[in-house]
Amino acid sequence: MTQTTITQPQSGGSKPTDVYFFGTCLLDIFMPEAGMDAMTLLEQQGIRVHFPMEQSCCGQPAFSSGHPEEAFDVAKAQLDLFPENWPIVVPSGSCGGMMKHHWPTMFKHTEHEATASNIAGRVVEFTNFLVDIGYQPKDVGAPAKVAVHTSCSARREMGVHLTGWALVDSLENVERVVHSHESECCGFGGTFSVKQPDISGAMVTDKVSSLKATEAVEIISADAGCMLNIGGKIAKDEPGMPRPKHIATFLLERTGGKA
């Protein structure tokens, strides 16, 4: 896995007039409302959001399952979708990590190398982008205790657990509680959860138990795969617990932009 130097999030950067939005296949298929909420939040900042309709998948599922040729073909189909020199906002640290850190290597020494490198340089994860442009949410919600889960790639490749924390901590009426297994994997890992169900099941059991112990009324994440895995476990064994909510939806609700 690519090692990334992680620094504390900075804010107050310049705000672009236009961005591309790469919605990710999991969000598009299973949680489209969260993607719409993310785009709404960006538009509320006075930014024009462009959603290339031909987009599909970054290629990570095939790549992490040991099928580089298939991953290459899937990712290649995305390369011509971002011709303007605008930031590419990705509402997933996992998919963002694939595009930013693995595309340049995957396309190295091919005719697509320059394009892939250019795109990688413009990819920015959603919470990172909000912090970079100086987004300061005004909390209009009731007092609430929340717990945050960050995917492995988002934390270790992109360092965006820091920007996620920063956004949650900036909400005046929200208390972020740290759970005992916060830095650990939820057990999803794409096909890992299918090929190694016993190990995956034990991991998500620990994760959900840790989240439950916080007594948080909201569980916040920014990666759909983890949300599906944790949410599925909760639905099966802990129906009284809150289901994970994408941070875009959470921010939109807390700032009064969503009923």
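This structure is a prediction, so every number in the text was calculated from the model and none was measured. (Residues numbered from 1 in each chain as written. Predicted model: local features only at pLDDT ≥ 70, side-chain atom pairs only at ≥ 80, totals over all residues. Heavy atoms only, no water.)

### A short note on the overall build of the chain
How we decide: Numbering of helices and strands runs from the N terminus; a helix is a DSSP stretch of H or I covering at least four residues, while a strand is a stretch of E covering at least two. Throughout, radius of gyration means the C-alpha value; the globule benchmark is 2.2 Å times the number of residues raised to the power 0.38. Three labels apply to residues, based on accessible area from a 1.4 Å probe with only protein chains included: buried if under 20% of the type maximum, exposed if over 50%, partly exposed otherwise in between. Only the protein chains shown count as cover for residues, and the accessible areas themselves come from Shrake-Rupley with a 1.4 Å probe. Just so you know, the count uses Lys and Arg for positive and Asp and Glu for negative, and it drops His and the chain ends. Positions of charges follow a simple convention, taking NZ of Lys, CZ of Arg, CG of Asp or CD of Glu.
Tallying secondary structure elements over the chain gives 13 helices and eight strands in all. In terms of overall dimensions, the chain is globule-like: its C-alpha atoms have a radius of gyration of 18 Å, near the 18 Å expected for 259 residues. The buried share of the chain, taken over its 259 residues, is 51%. Per element, the accessible surface of the chain, about 12,100 Å² overall, is 52% carbon and sulfur. Positive and negative side-chain charges in the chain, numbering 20 and 30 respectively, have mean positions lying 4 Å apart.

### Things to note about the pattern of salt bridges
As a reminder, the rule being used: We define a salt bridge as a side-chain nitrogen of Lys or Arg found within 4 Å of a carboxyl oxygen belonging to Asp or Glu.
Taken as a whole and judged by the stated rule, the model has nine salt bridges. The salt bridge partner of D139 is R254, with a shortest N-O separation of 3.0 Å. Taken together, the positions of D139 in the loop between α7 (126-132) and β5 (144-148) and R254 in helix α13 (residues 247-254) put the pair 115 residues apart, joining distant regions of the chain. For the pair formed by D139 and R254, the shared burial category is buried. Measuring nitrogen to oxygen at the nearest pair gives 2.5 Å for the salt bridge that ties K233 to D237. Residue K233 and its partner D237 are both found in helix α12 (residues 224-237); the two are separated by four residues, about one turn of the helix. Look at D237 and you get partly exposed, because its relative accessible area is 32%. It is possible to trace a salt-bridge network through shared partners that takes in E218, K245 and E253.

### Description of the pairing of strand β7 (residues 218-221)
Going by this rule: At least two DSSP bridges between two strands are required for those strands to pair.
Residue alternation in β7 divides its side chains into two sets, E218 and I220 and I219 and S221, and both sets are buried. Pairing between β5 and β7: three bridges, direction parallel. Residue A147 lies in a different strand from β7, and its bridge partner there is I219. In the sheet, β7 pairs with strand β8 (residues 244-246) via three bridges, with the strands oriented parallel. Its bridge partner being in β8, S221 is matched across the sheet by H246.

### Some details on the packing of aromatic side chains
Put simply, the rule reads: Whether two aromatic rings pair depends on their centres lying within 6.5 Å, for rings of Phe, Tyr and Trp, where Trp uses its six-membered ring; planes under 30 degrees apart make the pair stacked, over 60 edge-to-face, and the rest tilted.
Taken as a whole and assessed by the stated rule, the structure comprises six aromatic pairs. On the numbers, 4.8 Å between centres and 45° between planes, the contact of F72 with F107 is tilted. In this pair, F72 sits in helix α4 (residues 68-76) while F107 sits in the loop between α5 (93-106) and α6 (113-122), placing the two residues 35 residues apart along the sequence. Taken together, the ring pairs in this structure connect Y20, F22, F82 and W86 into an aromatic cluster.

### Notes on the UniProt feature "domain: Cysteine-rich" (unreviewed entry) in the chain
Applicable threshold: UniProt positions are given in the numbering used here, feature names are shortened, and annotations may be inferred rather than shown by experiment.
As annotated by UniProt and renumbered to match this structure, "domain: Cysteine-rich" (unreviewed entry) occupies residues 19-100 and 146-230. Strand forms 11% of residues 19-100 and helix 50%; the C-alpha atoms that close the span are 16 Å apart. Taken end to end, residues 146-230 is 51% helix and 13% strand, and its first and last C-alpha atoms sit 15 Å apart.

### A closer look at the packing of helix α11 (residues 197-214) against α12
Cut-off, in case you're wondering: With axes taken as lines fitted to C-alpha atoms, and helix axes fitted only over the stretch in contact, angles between N-to-C directions fall between 0 and 180 degrees. Here roughly perpendicular refers to angles of 65 to 115 degrees, roughly parallel to angles under 35, roughly antiparallel to angles over 145, and oblique to all remaining angles. Contacts are residue-level and defined by heavy atoms, with any inter-residue pair within 4.5 Å sufficient. Side-chain classes are defined by residue name, with Ala, Val, Leu, Ile, Met, Phe, Trp, Tyr, Cys and Pro counting as nonpolar, Asp, Glu, Lys and Arg as charged, and the others, Gly among them, as polar.
Between α11 and α12, the least distance of the axes is 10 Å, while the angle of their chain directions is 75°. Here α11 is positioned roughly perpendicular relative to α12, judged by the angle of their axes. For the pair formed by α11 and α12, the contact residues are S200, V204, T205, K207, V208 and L211 on the first element and N229, I230, K233 and I234 on the second. Here the contact of α11 with α12 is built from residues that sort into five nonpolar, three polar and two charged.

### Let's talk about a nonpolar patch on the surface
Operational definition: A patch is a set of surface residues, each over 30% in relative accessible area and not in a salt bridge, joined within 9 Å for like charges and within 5 Å for the nonpolar side chains Val, Leu, Ile, Met, Phe, Trp and Tyr.
Taken together, the side chains of I29, F30 and L228 present a nonpolar region at the surface, about 300 Å² in accessible area. Its location among the elements puts L228 in helix α12. Residue L228 is classed as partly exposed on the basis of its relative accessible area of 32%.

### Some details on the side chain of H102
Here is the rule we go by: For this analysis, a polar contact is any N or O atom pair within 3.5 Å, provided that within protein one partner can donate a hydrogen and the other can accept it, and provided that sequence-adjacent residues contribute only side-chain to side-chain pairs.
Here H102 is to be found in helix α5. You can call H102 buried: its relative accessible area is 16%. Polar side-chain contacts of H102 include one of 2.7 Å to the side chain of E157.

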